[in-house]
Amino acid sequence: MSDAVMPDLAAVAPARAALTIRMHERDNVAIVANDGGLPPGAVLPNGLVLRDRVPQGHKVALVDLAAHAPVLRYGIPIGYALKDIPAGSWVHERLLKMPDARGLDNLPIATVKPEPLPALEGYTFEGFRNADGSVGTRNILAITTTVQCVAGVVEFAVQRIKAELLARYPNVDDVVGLEHTYGCGVAIDAPGAEIPIRTLRNISLNPNFGGEVMVVSLGCEKLQPERLMPPGTFAIVDERSVADVGATADQALDVVCLQDDAHIGFMSMVDSIMATAQLHLERLNARVRETVPASELVVGVQCGGSDAFSGVTANPAVGFCTDLLVRAGASVMFSETTEVRDGIDQLTSRATTPAVAEAMIREMAWYDAYLQRGKVDRSANTTPGNKKGGLSNIVEKAMGSIVKSGSAPISNVLAPGEKLKAKGLTYAATPASDFICGTLQLAAGMNLHVFTTGRGTPYGLAAVPVIKVATRSDLARRWHDLMDVNAGSIADGSASIEEVGWEMFRLMLEVASGRKKTWAEHWKLHNALVLFNPAPVT
Ligand code: CA
């Protein structure tokens, strides 16, 4: 992949010189990098004169393209010319026919055997070690809910816990209600229902919550607490009880049931939640940060509000950082099935074993069928903002998205909502929807999130720090108090992909240690958890 992600930054000396970026030597289009785009008559570094105005991030034809000719970016056809396109023209989405999705048969299976990258040793962060071996980057009390009905009560109680209790527990960072729209009015035994259920279960066990599970239930809902957290799946390991019992003893699930006869009036429910919360806050407050190796990071990478720079600046820098993390022995997840579907052959060839490749194909096939049921395909992914930002279609978007996975071998695959079991690079199958992908990566056990954006989004999560990376300097300047890293410096020519990748890696260790807060944490910008429910509602 490395030859496909090294942008060929072509600049000439004069002020406001035309700046174009071509991703691969075979490409017959390049994107315009200049803020504000370029006017007709502008002369490109190779001497070509623009025939049209080309907006920033949009493509210009570098040669005459005959009708039906492939338009190549990242070295692959991102579309076919619908008519003759002379050199110097703006190549926009209306001039392109999108290629069909590649079939899922006859794929290259585990064919690429990259040289093992040298181990990266000696990097550490300060984290909260949990009894199950996982490490938190924050110390948060999570209140799990079985059903949306209780959300208002839980939110009321959370506000009171913050106002009245939290100051007494200085080692606890926050209290969050795990509210969602699931739990009742759903076909709970339908195939696919296990996805939202296991997602919610595994989120409750996220390393940032320290194993302190408490549940608020209504009472009559379909998703009963013992179905959400069956005995054995949730093993709170209290060090004292382990010492006493001599084994991992399951604690009884701590449930506040609002319909319980004991509750007389609303305040009785709130008091009961607060009293239960207090027991967990006391135990969480006893947690202290300790020095742990960087291999304890579990990083989920994602993009949202993408533009043509995403795949040129921010995502390649994330890819470089992904390789650093894998070299340090950490866990990295990339996801967003519709945004990697068009690069399936790159992924299956990078699988460490045929079983890993087959698992990827299984997840892609499942998602193809899921989309087909709604009579759409992966092309339903792209947004008006993506197109305005220069991305003509999902093929072009996918080629820019997939580079977040770097170049390491892919050693593990997760179905939606599953919990990560192995270190290294994992394909965690999720929809590309920012909130659903983030929710599923939380369930997988993510303790740090990296999110790239070109159009700009204030995205954040309550449960883990989200490091946001701008693809363009213009966005980084305007959103100076929302973006944590500016990868636009790569397009400006003032930093390399490697430099920005290292900057991210070092920032991750600072943020994971609690020494730095991300902008989303600073402003407390939290998107809702959105459970992926492919099953019917009733
Ligand atoms: Ca996304």
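Residues numbered from 1 in each chain as written. Predicted model: local features only at pLDDT ≥ 70, side-chain atom pairs only at ≥ 80, totals over all residues. Heavy atoms only, no water.

1. Notes on the overall build of the protein chain
Point 1. On a plain count of helices and strands, the protein chain comes out with 16 helices and 22 strands.
Point 2. Expected size for 538 residues packed as a compact globule is a radius of gyration near 24 Å; at 24 Å, the protein chain falls within 12% of this value.
Point 3. Seen through its C-alpha atoms, the protein chain measures out along the principal axes to roughly 80 × 45 × 45 Å.
Point 4. Burial analysis of the protein chain (538 residues in total) assigns 58% to the buried set.
Point 5. Restricting to contacts in the protein chain with at least 6 residues of sequence separation, those with at least 24 account for 70%. (Helix = DSSP H or I, 4+ residues; strand = E, 2+ residues; numbered from the N terminus. Rg over C-alpha atoms; globule rule 2.2 N^0.38 Å. Buried < 20%, exposed > 50% of the residue type's maximum accessible area, 1.4 Å probe, protein only. Contact = heavy atoms within 4.5 Å.)

2. Digging into the coordination of the calcium ion
Six octahedral donors at a metal ideally form angles of 90 or 180 degrees, and four tetrahedral donors ideally form angles of 109.5 degrees.
Point 1. Gln-302 (OE1), Cys-303 (O), Glu-336 (OE), Ala-432 (O) and Asp-434 (OD) make up the full set of protein donors to the calcium ion, lying at 2.3 to 2.5 Å.
Point 2. Look at where the donors of the calcium ion fall in the sequence and you get Q-C-x32-E-x95-A-x1-D.
Point 3. Classification of Gln-302 by relative accessible area gives buried; the value is 0%.
Point 4. Residue class for Cys-303 comes out buried when judged on its relative accessible area of 2%. (Donors = N, O, S within 2.8 Å, 3.2 Å for Na, K, Ca; no water.)

3. Describing helix 11 (residues 394–402)
Point 1. Extensive coverage of helix 11 is indicated by the burial of 9 of its 9 residues.
Point 2. Of all the positions in helix 11, only Ile-394, Val-395, Glu-396, Lys-397, Ala-398, Met-399, Gly-400, Ser-401 and Ile-402 are classed as buried.

4. A look at the sheet that holds strand 5 (residues 70–73)
Point 1. Within the open sheet, the 3 strands sit side by side as 5-6-8. Their pairing is antiparallel. Because the sheet does not close on itself, it has two edges, and the strands there are strand 5 and strand 8 (96–97).
Point 2. Helix-sheet contacts for helix 11 involve strand 5 and strand 6 (76–81), and the interaxial angle to strand 6 is about 160 degrees. (Pairing = 2+ DSSP bridges. Axes fitted to C-alpha atoms, helices over the stretch in contact; angles between N-to-C directions.)

5. Digging into a nonpolar patch on the surface
Point 1. The grouping of Phe-156, Phe-266 and Met-267 at the surface amounts to a nonpolar patch, some 250 Å² of accessible area in total.
Point 2. The class for Phe-156 is partly exposed, based on a relative accessible area of 34%. (Patch = residues over 30% accessible without salt bridge, like charges linked within 9 Å, V, L, I, M, F, W, Y side chains within 5 Å. Areas by Shrake-Rupley, 256 points an atom, 1.4 Å probe, with all protein chains shown as cover. Salt bridge = Lys/Arg side-chain N within 4 Å of Asp/Glu carboxyl O.)

6. Brief notes about the nonpolar core
Point 1. Within the largest apolar cluster, 54 residues are counted, with the highest numbers of intra-cluster contacts made by Leu-297, Leu-325 and Tyr-427.
Point 2. Here this core gets 9 residues from one element, more than from any other, and that element is helix 15 (residues 497–512).
Point 3. If we ignore the near neighbours within four places in the chain, the residues touching Tyr-427 are Phe-334, Ser-335, Thr-337, Val-340, Met-360, Glu-363, Met-364, Ile-410, Asn-412, Val-413 and Leu-414.
Point 4. By size, the runner-up hydrophobic cluster in this structure holds 26 residues, among which are Val-150, Val-154, Val-216 and Leu-281. (Core = buried A, V, L, I, M, F, W, Y, C linked by side-chain atoms within 4.5 Å.)

7. Things to note about the confidence of the model for the protein chain
Point 1. Here the protein chain averages 93 in pLDDT, while 94% of its residues score no lower than 70.
Point 2. Within the model, pLDDT remains below 50 along residues 1–15, and this stretch shows 37 contacts once partners closer than five positions in the same chain are excluded.
Point 3. Note on residues 236–249: pLDDT is under 50 here. Beyond four places in sequence and across chains, it has 13 contacts. (pLDDT = per-residue confidence, 0-100.)

8. A closer look at the packing of aromatic side chains
Point 1. Per the stated rule, a full pass over the model turns up 13 aromatic pairs.
Point 2. Measuring from centroid to centroid gives 6.1 Å for Tyr-123 and Trp-502, while their planes differ by 45 degrees, and the two rings are tilted. With Tyr-123 in the loop between strand 8 and strand 9 (124–129) and Trp-502 in helix 15, the pair connects residues that are 379 residues apart, well separated along the chain.
Point 3. Residue classification places Tyr-123 among the partly exposed positions, given a relative accessible area of 27%.
Point 4. Joined through ring pairs, the aromatic side chains of Trp-366, Tyr-367, Tyr-370 and Phe-532 make up one cluster. (Phe/Tyr/Trp six-rings, centres within 6.5 Å; stacked < 30°, edge-to-face > 60°.)

9. Concerning the side chain of Glu-221
Point 1. Relative to the elements of secondary structure, Glu-221 occurs in the loop between strand 13 (214–217) and helix 4 (225–228).
Point 2. Although Glu-221 lies buried, it forms no salt bridge, and the closest oppositely charged side chain, Arg-227, sits 12 Å away as judged by the N-O distance.
Point 3. A distance of 2.4 Å separates polar atoms of two side chains, one belonging to Glu-221 and the other to Thr-146.
Point 4. Within polar-contact distance, the side chain of Glu-221 engages the side chain of Ser-217 at 2.8 Å.
Point 5. If we ignore the near neighbours within four places in the chain, the residues touching Glu-221 are Thr-146, Val-147, Gly-183 and Cys-184. (Lys, Arg positive; Asp, Glu negative; His and termini not counted. Polar contact = N/O pair within 3.5 Å; in protein donor to acceptor, adjacent residues only side chain to side chain.)

10. Regarding the pattern of salt bridges
Point 1. Scanning all chains against the criterion turns up 20 salt bridges.
Point 2. A salt bridge links Arg-472 to Asp-307; its shortest N-O distance comes to 2.9 Å. Residue Arg-472 is located in the loop between strand 21 (466–470) and helix 13 (473–478), and its partner Asp-307 is located in the loop between strand 16 (298–303) and helix 7 (314–327); the two are separated by 165 residues in the primary sequence. Here Arg-472 and Asp-307 have matching classes, each one buried.
Point 3. Between Glu-510 and Arg-515 there is a salt bridge, and its shortest N-O distance comes to 3.0 Å.
Point 4. Connected via shared salt-bridge partners are Asp-307, Arg-472, Asp-474 and Arg-478.

11. Side note on the side chain of Asn-202
Point 1. Counting through the fold element by element, Asn-202 comes out in helix 3 (residues 194–204).
Point 2. Note on Asn-202: relative accessible area 10%, which makes it buried.
Point 3. In contact with Asn-202, not counting residues within four places along its chain, are Gly-417, Glu-418, Lys-419 and Ala-443.

12. A word on helix 6 (residues 266–285)
Point 1. Its 20 residues give helix 6 an end-to-end C-alpha distance of 28 Å, which sits within 8% of 28 Å, the value for a rise of 1.5 Å per residue.
Point 2. Among all positions in helix 6, only Ser-268, Met-269, Val-270, Ile-273, Met-274, Thr-276, Ala-277, His-280, Leu-281, Leu-284 and Asn-285 are buried. (Expected span 1.5 Å × (residues − 1).)

13. Quick look at the packing of helix 2 (residues 151–165) against helix 6
Point 1. With their axes 9 Å apart at the nearest point, helix 2 and helix 6 run at an angle of 55 degrees to one another. Considering the angle they form, helix 2 stands oblique to helix 6. Crossing hand, helix 2 versus helix 6: right-handed. Contacts from Val-153, Phe-156, Ala-157, Arg-160, Ile-161, Glu-164 and Leu-165 of helix 2 reach helix 6 at Phe-266, Met-267, Met-269, Val-270, Asp-271, Ile-273, Met-274, Ala-277, Gln-278 and Leu-281. (Parallel < 35°, antiparallel > 145°, perpendicular 65-115°, else oblique. Left-handed = near helix turned anticlockwise from the far one by under 90°.)

14. Focus on the environment of Pro-458
Point 1. By the secondary structure assignment, Pro-458 is in the loop between strand 20 (448–453) and strand 21.
Point 2. Given a relative accessible area of 43%, Pro-458 falls into the partly exposed group.
Point 3. Along the primary structure Pro-458 and Ala-520 are separated by 62 residues, whereas in three dimensions their C-alpha atoms are 7.2 Å apart.

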